[in-house]
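Structure assessment
Here is how the chains run, residue by residue.
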Amino acid sequence: MNKSRIFQFCGIMACVFMILLIIFYWDDVGTAHFYLHTSFIRIQATHPTMTNQNQDLSNSKKTAGERITNSGATIIQDNLELTYLENTKGYKGEESSPKMEQAFDDIFQPNFDEKVFELEINSAKTSNELEQIQSERRQNIEDACSDSSIMFSGKNRKFEDIPSRELDHLIVDDRHGIIYCYVPKVACTNWKRIMILLSESLLKQGIPYRDPLEIPRDLVHNSTSHSTFSKFWRRYGKFSKQLMKIRLKKYTKFLFVRDPFVRLISAFRSKFAVQNNDFYNRFARQMLQLYANYTDPPLTVDEAFSAGIKPTFINFIQYLLDPQTEKEQPFNEHWRQVYRLCHPCQINYDFIGKLEGLDEDASYLLKLLKVEKLVQFPSSSRNQTVASWEHDWFAKIPVAWRKKLYEIYKPDFVVFGYPKPTNLLLD
């Protein structure tokens, strides 16, 4: 083959490559939204970084203020991440080189002038006091995760070892650089509404929602309404975990929790004390057969409630304590432990809200995120379960059962700083 033919062949191949590149780029970028976010407050972390299995995510252990985002920042595109990953020699398995980290820093977080601001919170506490509370909550998680005397399933595994199906509670908003781990029975319906509104993932007559309460409940809980980590694998394949780790490092991560036993009462009230055909068929009929001596319970929830047949709170606790329950399938998300939903020992959350102080924490978080002018957290006292009911609800539960139940949910009590319910566990 003479030189002219070689040049012709190379030219043809270059043209083909450019055409394919243009097609690929236009398909993934040309019709995409250009999402903007950055961090603009630098505050010294109030506690040391985590070691061992969380070393690769240690840089994300910052105060909530450090993760604040601003809509006037930099363009972030998934195709940029993917293209860089595919062409970076520093990518080896699950690890990333310093060169690769620096390149992603350039993409995700360019240098901006540092800014400091004072928050005006609807609270009797000052912003410093509220940040101190957050610092203590983050420190409590870190201490529990590093304490070798506290053991629970999955505690010591690395983030890379978490199956994608267990990451379906991590909702991502790329527009504002936010990750929310939703916990059922902890105001998650309204927080999901907030995430839909911010990400503009749903439209009403072609226009994004502006009032979170206008978003229908069935759409709020529809998985197609949210971008979650569990969906990354289908889009990015082998690069998915690395892209997740990048977001975990760069984005503001938050969750809300509540007293574990009160959460169980709330779950029972909403799923079994009122008519819910789905939960009746999936769980209640089995409870009635196994623990309430109904060999052939009614087929529908309407028939069951008309006959006055429904599982009691005692039956629900029996179901949770039965070793066979999780051999057949994992706990449903409404009573699954928070540490199994949100992986606090693998993910360094920037903000930990509590339902017991929902209004104050929600107001503080939205202002930290600089989205308080875009959305307000809906106030709701509808059918709330309160901690003062615990004694009444557990009055007929044998103390031995209460102790076993506490052992199942003990990690949530310890990790999220809830006191041991000693009054319920005494003989």
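What counts, and at which threshold
Residues numbered from 1 in each chain as written. Predicted model: local features only at pLDDT ≥ 70, side-chain atom pairs only at ≥ 80, totals over all residues. Heavy atoms only, no water. Buried < 20%, exposed > 50% of the residue type's maximum accessible area, 1.4 Å probe, protein only. Helix = DSSP H or I, 4+ residues; strand = E, 2+ residues; numbered from the N terminus. Pairing = 2+ DSSP bridges. Disulfide = S-S within 2.5 Å. 1 Å grid on protein atoms, 1.4 Å probe; cavity = no way out; pocket = protein on both sides within 12 Å on 5 of 7 lines; lining within 4 Å. Points joined across faces, edges and corners; volume = space filled by probe spheres on them. Nonpolar A, V, L, I, M, F, W, Y, C, P; charged D, E, K, R; others polar. Phe/Tyr/Trp six-rings, centres within 6.5 Å; stacked < 30°, edge-to-face > 60°. Lys NZ or Arg CZ within 6 Å of the ring centre and 35° of its normal. Core = buried A, V, L, I, M, F, W, Y, C linked by side-chain atoms within 4.5 Å. Contact = heavy atoms within 4.5 Å. Axes fitted to C-alpha atoms, helices over the stretch in contact; angles between N-to-C directions. Parallel < 35°, antiparallel > 145°, perpendicular 65-115°, else oblique. Salt bridge = Lys/Arg side-chain N within 4 Å of Asp/Glu carboxyl O. pLDDT = per-residue confidence, 0-100.

Describing the pairing of strand β8 (residues 351-354)
Where burial is concerned, the two faces of β8 agree: the one with Phe351 and Gly353 and the one with Ile352 and Lys354 are both buried. Note that strand β7 (residues 252-257) and β8 share four bridges and pair parallel. Across the sheet, residue Val257 finds its bridge partner in β8, namely Lys354.

Re the state of the cysteines
Counting across every chain of the model gives two disulfides. Disulfide partner of Cys145: Cys345, at an S-S distance of 2.0 Å. The S-S bond linking Cys145 to Cys345 shows a torsion near -85°; that makes this disulfide left-handed. With Cys145 in helix α4 (residues 127-146) and Cys345 in the loop between α14 (338-342) and β8, the pair connects residues that are 200 residues apart, well separated along the chain. When sorted by exposure, Cys145 lands in the same class as Cys345, which is buried. Sequential numbering of the bridged cysteines in the protein chain gives the disulfide pattern 1-4, 2-3.

Describing empty space enclosed by the protein
A probe as big as a water molecule, rolled over the atoms, marks out the empty space that is left. A full pass over the atoms with the stated rule returns one cavity of 30 Å³ or more. One number sums up the size of the largest cavity: a volume of about 40 Å³. If you trace the largest cavity, you find it lined by Lys271, Phe272, Val274, Asn276, Tyr280, Ala284, Val301, Phe305, Lys310 and Pro311. Going through the elements one at a time, α10 (277-291) and α11 (301-306) are the ones with two or more residues in the lining of the largest cavity. The residue inventory of the lining of the largest cavity, partitioned by class, reads seven nonpolar, one polar and two charged.

Description of the packing of aromatic side chains
Within the structure shown, the criterion is met by 28 aromatic pairs. On the numbers, 6.0 Å between centres and 40° between planes, the contact of Phe268 with Phe272 is tilted. No difference in accessibility class separates Phe268 from Phe272, as the two residues are buried. Over the ring of Phe159 we find Lys241, and its NZ or CZ is 5.8 Å from the ring centre. Between the NZ or CZ atom of Lys354 and the centre of the ring of Tyr418, over which it lies, the distance is 4.2 Å.

Here we look at the nonpolar core
Formed by 92 residues in total, the largest nonpolar core has its most connected members in Trp191, Phe229, Phe316, Leu320 and Trp335. For this core, the element with the most residues is α10, which contributes seven residues. If we skip the residues at most four places from it in the chain, Trp191 touches Tyr180, Val186, Phe254, Phe256, Leu358, Ala362, Leu365, Leu366 and Phe377.

As for the packing of α10 against helix α12 (residues 313-321)
Contact pair α10 / α12: the axes reach a minimum separation of 10 Å and the direction vectors enclose 90°. The orientation of α10 with respect to α12, classified from their angle, is roughly perpendicular. Here α10 contributes Phe283, Gln286, Met287 and Tyr291 to the contact with α12, which in turn contributes Asn315, Phe316, Gln318 and Tyr319. Of the residues assigned to the contact of α10 with α12, the class counts are five nonpolar, three polar and no charged.

So, the pattern of salt bridges
All told, the structure shown has 12 salt bridges when counted by the stated rule. Note that Glu166 is salt-bridged to Arg157, the shortest N-O span being 2.7 Å. With its nearest N and O atoms 3.0 Å apart, the salt bridge here joins Lys253 to Asp350. In this pair, Lys253 sits in strand β7 while Asp350 sits in the loop between α14 and β8, placing the two residues 97 residues apart along the sequence. Taken as a pair, Lys253 and Asp350 share a single burial class, namely buried. Taken together, the shared-partner salt bridges in this structure form one network comprising Arg175, Glu200 and Arg210.

As for the environment of Glu390
One can find Glu390 in helix α16 (residues 390-393). A relative accessible area of 11% places Glu390 in the buried class. The sequence separation of Glu390 and Val262 amounts to 128 residues, and the corresponding C-alpha distance is 6.6 Å.

Overview of the sheet that holds strand β3 (residues 170-173)
What the four strands build is an open sheet, ordered β3-β4-β7-β8; its pairing is mixed. The open sheet has two edge strands with one neighbour each: β3 and β8. Put simply, the sheet's adjacent strands are angled 20° from each other on average, direction ignored. On the sheet, helix α15 (residues 358-368) packs against β7 and β8 and is oriented at approximately 155° with respect to β8.

Some details on the confidence of the model for the protein chain
Per-chain confidence: the protein chain averages 79 in pLDDT, with 72% of residues scoring 70 or above. Low pLDDT, under 50, characterises residues 22-62; the stretch is placed with 118 contacts to residues that sit more than four places away or in other chains. Note that pLDDT drops below 50 for residues 106-120; the model gives that stretch 31 contacts with residues more than four away or on any other chain.

Regarding α15
For α15, the buried fraction is high: nine of the 11 residues fall into the buried class. For α15, the set of buried residues is Leu358, Asp361, Ala362, Ser363, Tyr364, Leu365, Leu366, Lys367 and Leu368. Count one or two residues on from α15 and you reach Lys370, which has phi positive near 60°.

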